[in-house]
Amino acid sequence: MADTTGNTAAAQAGESDSRPRKSSWKYIGPGIVVAATGVGAGDLVATLIAGSNFGYTLLWAAVIGCLVKISLAEAAGRWHLSTGRTLFDGWASLGRWTTYFFVVYAVIWGFVYGAAAMSSSALPLQALFPGVMDLEWWGIACALVGLVFVWFNKYAVFEKVMTVLVGVMFVVTVYLAIRVTPNIPDALAGLLPVLPDEKDSILNTLGLIGGVGGTITLAAYGYWVNAKGWTNTGWMKVMRLDNRVAYATTGVFVIAMLFVGAELLHARNIAIESGDKGLIQLGGILEDEYGTVTAKFFLIGFFATSFTSLIGVWHGVSLMFADFVARYRRRDAAKGEEIASGERERSWPFRAYLLWLTFPPMVLLFQGQPFRLVIIYGVLGAAFLPFLAGTLLWLLNTDRTPREWRNGWVSNGMLTIAGLLFLVLCVKQIWDQPWAEFF
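Cut-off values and rules
Residues numbered from 1 in each chain as written. Predicted model: local features only at pLDDT ≥ 70, side-chain atom pairs only at ≥ 80, totals over all residues. Heavy atoms only, no water. Helix = DSSP H or I, 4+ residues; strand = E, 2+ residues; numbered from the N terminus. Buried < 20%, exposed > 50% of the residue type's maximum accessible area, 1.4 Å probe, protein only. Contact = heavy atoms within 4.5 Å. Areas by Shrake-Rupley, 256 points an atom, 1.4 Å probe, with all protein chains shown as cover. Salt bridge = Lys/Arg side-chain N within 4 Å of Asp/Glu carboxyl O. Phe/Tyr/Trp six-rings, centres within 6.5 Å; stacked < 30°, edge-to-face > 60°. Polar contact = N/O pair within 3.5 Å; in protein donor to acceptor, adjacent residues only side chain to side chain. Expected span 1.5 Å × (residues − 1). Patch = residues over 30% accessible without salt bridge, like charges linked within 9 Å, V, L, I, M, F, W, Y side chains within 5 Å. pLDDT = per-residue confidence, 0-100. Axes fitted to C-alpha atoms, helices over the stretch in contact; angles between N-to-C directions. Left-handed = near helix turned anticlockwise from the far one by under 90°. Nonpolar A, V, L, I, M, F, W, Y, C, P; charged D, E, K, R; others polar. Parallel < 35°, antiparallel > 145°, perpendicular 65-115°, else oblique.

S.K.: Quick question: what am I supposed to make of the overall build of the protein chain here?
M.R.: Looking only at helices and strands, one finds 19 helices and 0 strands in the protein chain. Within the span of the protein chain, comprising 439 residues, buried residues form 56% of the whole. For the protein chain, contacts bridging at least 24 residues in sequence account for 86% of all contacts bridging at least 6. Total accessible area on the protein chain is roughly 18100 Å²; 64% of this is exposed by carbon and sulfur atoms.

S.K.: Quick question: what am I supposed to make of the pattern of salt bridges here?
M.R.: Any two side chains of opposite charge can pair, given that their charged atoms come close. According to the stated counting rule, one finds 7 salt bridges in the structure shown. A single salt-bridge network, built from bridges that share partners, covers Glu-74, Arg-78 and Arg-240.

S.K.: Help me understand the packing of aromatic side chains, please; the structure alone is not making it clear to me.
M.R.: Counted by the stated rule, this structure contains 29 aromatic pairs. Look at Phe-101 and Phe-384: their rings are 6.4 Å apart centre to centre, the planes differ by 20 degrees, and that puts the pair in the stacked class. A residue pair is termed long-range when its members are at least 10 positions apart, and Phe-101 in helix H6 (residues 96–128) and Phe-384 in helix H17 (residues 371–395) qualify at 283 residues. With respect to burial, Phe-101 and Phe-384 carry one shared label: buried. Here the aromatic rings of Phe-321 and Tyr-353 are separated by 5.0 Å at their centres, their planes lie at 25 degrees, and the arrangement is stacked. Taken together, the positions of Phe-321 in helix H14 (residues 292–332) and Tyr-353 in helix H15 (residues 348–358) put the pair 32 residues apart, joining distant regions of the chain. Taking relative accessible area as the criterion, Tyr-353 reaches 3% and is therefore assigned buried.

S.K.: Looking at this structure, how should I read the environment of Thr-83?
M.R.: In this structure, Thr-83 sits in helix H4 (residues 59–83). C-alpha separation for the pair Thr-83 and Arg-400, spaced 317 residues apart in sequence, amounts to 7.8 Å. Discounting chain neighbours no more than four positions away, the residues touching Thr-83 are Arg-400, Thr-401 and Pro-402. Of note is the side chain of Thr-83, whose polar atom sits 2.6 Å from the backbone oxygen of Trp-79. Of the polar contacts made by the side chain of Thr-83, one reaches the backbone nitrogen of Arg-85; its length is 3.1 Å.

S.K.: Got a minute to help me understand unusual backbone geometry in this structure?
M.R.: Where the residue is not glycine, phi is negative for most of them; where a peptide bond is considered, it is trans in most cases. Backbone geometry places Thr-181, a non-glycine residue, at a positive phi of 55 degrees. Unusually for a residue other than glycine, Asn-269 sits at a positive phi of about 55 degrees. The exposure class assigned to Asn-269 is exposed, which follows from its relative accessible area of 72%.

S.K.: Would you mind going over helix H13 (residues 277–290) with me for this structure?
M.R.: Helical geometry: 3.6 residues make up each α-helical turn, so side chains three or four residues apart lie on a common side. Spanning 14 residues, H13 covers 20 Å between terminal C-alpha atoms, matching the ideal 20 Å at 1.5 Å per step. Those residues of H13 that fall on the buried side of the exposure criterion are Gly-278, Leu-279, Leu-282, Gly-283, Ile-285 and Leu-286.

S.K.: How should a nonpolar patch on the surface be read in this particular structure?
M.R.: On the surface, Phe-129, Val-132, Met-133, Trp-137 and Phe-366 cluster together to form a nonpolar patch covering roughly 500 Å² of accessible area. Inspection of the secondary structure puts Trp-137 in helix H7 (residues 135–152).

S.K.: Would you mind showing me how to read the side chain of Thr-305 here?
M.R.: Following the sequence through the fold, Thr-305 ends up in helix H14. For Thr-305, a relative accessible area of 2% translates into the label buried. At a separation of 2.9 Å, a polar atom in the side chain of Thr-305 contacts the main-chain carbonyl oxygen of Gly-301. Aside from chain neighbours lying at most four places away, what touches Thr-305 is Ala-36, Val-39, Gly-40, Ala-41, Leu-44 and Met-169.

S.K.: Quick question: what am I supposed to make of the confidence of the model for the protein chain here?
M.R.: Predicted coordinates in areas of low pLDDT are best not read in detail. Residues of the protein chain with pLDDT of at least 70 account for 90%, and the chain-wide mean is 86. Segment residues 1–16 is flagged for pLDDT under 50; beyond a separation of four residues in sequence, or across chains, it makes 53 contacts in the model. pLDDT under 50 marks residues 332–341. Its contacts with residues more than four places away, or in other chains, come to 6 contacts.

S.K.: Got a minute to help me understand H4 in this structure?
M.R.: Taking 1.5 Å of rise per residue, the 25 residues of H4 would be expected to cover 36 Å, and the 37 Å separating its terminal C-alpha atoms lies within 8% of that figure. Where burial is concerned, most of H4 is hidden: 20 out of the 25 residues are buried. In the segment just after H4, Gly-84 is the residue with positive phi, at about 70 degrees.

S.K.: Whenever I open this one, the packing of H6 against H7 confuses me. Can you help?
M.R.: Two quantities define a packed helix pair, namely the angle between the helix axes and the distance between the axes. One can describe the packing of H6 onto H7 by two numbers: an axis separation of 8 Å at closest approach and a directional angle of 115 degrees. By crossing handedness, the relation of H6 to H7 is classed as right-handed. On H7, the residues touching Met-118, Ser-119, Ser-121, Ala-122, Leu-123, Leu-125 and Gln-126 of H6 are Leu-135, Trp-138, Gly-139, Cys-142 and Ala-143. Class assignment of the residues belonging to the contact of H6 with H7 gives a composition of 8 nonpolar, 4 polar and no charged.

S.K.: Looking at this model, I keep getting lost on the packing of H17 against helix H18 (residues 409–432). Mind explaining?
M.R.: Relative orientation of the contacting elements H17 and H18 amounts to 160 degrees, with a least axis distance of 8 Å. Taken together, the axes of H17 and H18 are roughly antiparallel relative to one another. For the pair H17 and H18, the sense of crossing is left-handed. Each of Gly-378, Val-379, Ala-382, Ala-383, Leu-385, Pro-386, Ala-389, Leu-392 and Leu-393 in H17 lies in contact with H18, whose residues at this interface are Asn-412, Leu-415, Thr-416, Ala-418, Gly-419, Phe-422, Leu-423, Cys-426, Gln-429 and Ile-430. Looking at the contact of H17 with H18 residue by residue, the class counts come to 14 nonpolar, 5 polar and no charged.

In structure tokens, the structure reads:
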């Protein structure tokens, strides 16, 4: 049964009245959350590096990346609204293999991601307040703040805070894009699908397309839709508008950062590191070029970007884990026994996964990330989006979905493109791992 935590009145209205709601901006919410969570520091760095290496040439790839992710999130939301079942219910109907994949993914991915999210949130704080604390302690502080916030607040408050932080991200990225004075004719030319004349340009392009805006957060979108109180097909138009807003917002973030990379880095032949430390480097470059105020402003935006990803995963993936546990408790319960769905954010599985994301990863902050675990994490992360695209194609083209809401040719085409794209990137990720050193 779909989760209806948060916005209780809207949820009750949704259960009793499935008449189509008119698309309206006043309903927008889950899309803002998925945009904020999906765009992390790593996405901004990848786009910056693409701009610094290729100028505006791959602007079209960033746009396509947004369109591909729109199709995935829309499909996840449509499954939740059209069936009244969660995405994990759908996965489980495809066989036990989906459960095994999800459990291994949730445990290992969550452990390593927790440390990465803490470090990413800590870096801009350490730069803003030098000498106050070591990076590791900033990371722990961010994790504890995220834990307390998600533990004690339901979806409605969570959404409001995410909206404020997205506003900060939006203002900062757009300001930077304007500050570097983009070359508009070159930017428009970058919308033409042209590959850079360099080695591995196809794989670099596919990587940029695939790296725009989220992985498991795309699957969490349906859970946030339900948490908002949208529980049936009457909300379908609203959900689709919300989803488009999500990836229009994402598009603004990545295009703005590509402008910064093209004008500030490419034009001056400046290289930055991959990973979150590249943004710290960018802060130094901005200070040299435009002064301390601009650099500090950017670091505030960097923190908002990283911290929204942290609390978004803390909330969204914990909802998914709670749904996984609830389903198996229902399966093992006596026939006819109902498991309440309105308390998922207060359930022990939700909070147990919150604790898993928060405390065990702190060890990695001090000891470094274990080599074998990082490889497994990379492979699982690369495999998730092909898994998501493939299972959504399966679920939304069979009698598991009401006929009216099954995929049309556009959805099938976009999900197929997404699946093939992410499969190629998954194979490349697996191929690039140093397996000889693993054994």
